[in-house]
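Structure at a glance
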Amino acid sequence: MSESATRLIAVRHGETAWNRVSRIQGHTDIPLNDAGLWQARQVGEAVAAEGIDAIYSSDLQRAADTARAIGQAAGVPVQLDVALRERHFGELEGLTHDEINTRWPEQARRWRGRDPDYGPQGGETLKDFHARCVGALTRLAQRHPGQTVVLVAHGGVLDCFYRAANGVDLSVPRSWTIGNATINRLLYSPDGLTMIGWADDGHLQAERGLDESSDGAVAPA
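Quick look at the structure, then. As the structure is a computational prediction, the values presented were derived from the model and not from experiment.

Describing unusual backbone geometry
One non-glycine residue, Arg 114, lies in positive phi territory at about 55 degrees. On the accessibility criterion, Arg 114 (6% relative accessible area) is buried. Despite not being glycine, Ala 199 has its phi angle at roughly 60 degrees, a positive value. Looking at where Ala 199 falls in the secondary structure, it is placed in strand β6 (residues 192-200).

Structure below.
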């Protein structure tokens, strides 16, 4: 590994009550449920001994509380960064997939079709969201050359990281999982971003995290 490379451990927040029913959260500040709190402790214990130099998190409480559990286990303070927030879904926030299909079938079609230029009323386009997420990752990774950094965020954010590392276009349907509190490993260097490992859920054992659903996709098998 290059001395200037940054080792990134990307973690999606623990489970929430809205995850359970596939209700779109976006910027709505939903707390972890009991399962999510347990998952946060588990992922903290799993990465605590990896020589973590910094922890950055979305400021939304489901991510921030997951990050604090990691920080407590590793003895590293958490720094909040609004650029790591989930995509803003505007008027779709708080609704389930079925409710969106019923109220706004055309919006549902463009959302599920991953139209890069589509943004819900009051929300972000997929293109702008991707630029924000990858820009945040790049900025934070460049701040810590040769170090290990944890980024705690959301399913949509991690989807952007995966696509950036693997050269997958925004319009391509997702075929990879993004479970709650899973461990995803990336490497950032001046040559770009690469993926080292994805969706490690061994630390969760009996309680596997729910797959991300805010891209409108059916969860992969």
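Side note on the nonpolar core
Ranked by internal contacts, the top residues of the largest apolar core, which has 30 residues, are Leu 8, Leu 137, Leu 151, Phe 161, Leu 186 and Trp 198. The element that contributes the greatest number of residues to this core is helix α6 (residues 126-142), accounting for seven residues. Sequence-distant contacts of Leu 186, defined by excluding residues within four places in its chain, comprise Thr 6, Arg 7, Leu 8, Ala 10, Leu 137, Phe 161, Ala 165, Leu 193, Thr 194, Met 195, Ile 196 and Trp 198. The next biggest cluster of nonpolar side chains, apart from the first, holds 13 residues, and it includes Val 47, Ala 63, Ile 70 and Val 152.

A word on the packing of helix α2 (residues 34-47) against helix α3 (residues 61-74)
How two helices pack is summed up by the angle between their axes together with the distance between the axes. Contact geometry for α2 and α3: axes closest at 8 Å, N-to-C directions at 40 degrees. The pairing of α2 with α3 is recorded here as oblique in orientation. Between α2 and α3 lies a crossing whose hand is right-handed. Taken together, the residues of α3 that come into contact with α2 (itself represented by Ala 40, Arg 41, Val 43, Gly 44, Glu 45 and Val 47) are Asp 65, Thr 66, Ala 69, Ile 70 and Ala 73. In the contact of α2 with α3, the residues fall into six nonpolar, two polar and three charged.

Thresholds, definitions, all that
Residues numbered from 1 in each chain as written. Predicted model: local features only at pLDDT ≥ 70, side-chain atom pairs only at ≥ 80, totals over all residues. Heavy atoms only, no water. Buried < 20%, exposed > 50% of the residue type's maximum accessible area, 1.4 Å probe, protein only. Helix = DSSP H or I, 4+ residues; strand = E, 2+ residues; numbered from the N terminus. Core = buried A, V, L, I, M, F, W, Y, C linked by side-chain atoms within 4.5 Å. Contact = heavy atoms within 4.5 Å. Axes fitted to C-alpha atoms, helices over the stretch in contact; angles between N-to-C directions. Parallel < 35°, antiparallel > 145°, perpendicular 65-115°, else oblique. Left-handed = near helix turned anticlockwise from the far one by under 90°. Nonpolar A, V, L, I, M, F, W, Y, C, P; charged D, E, K, R; others polar.

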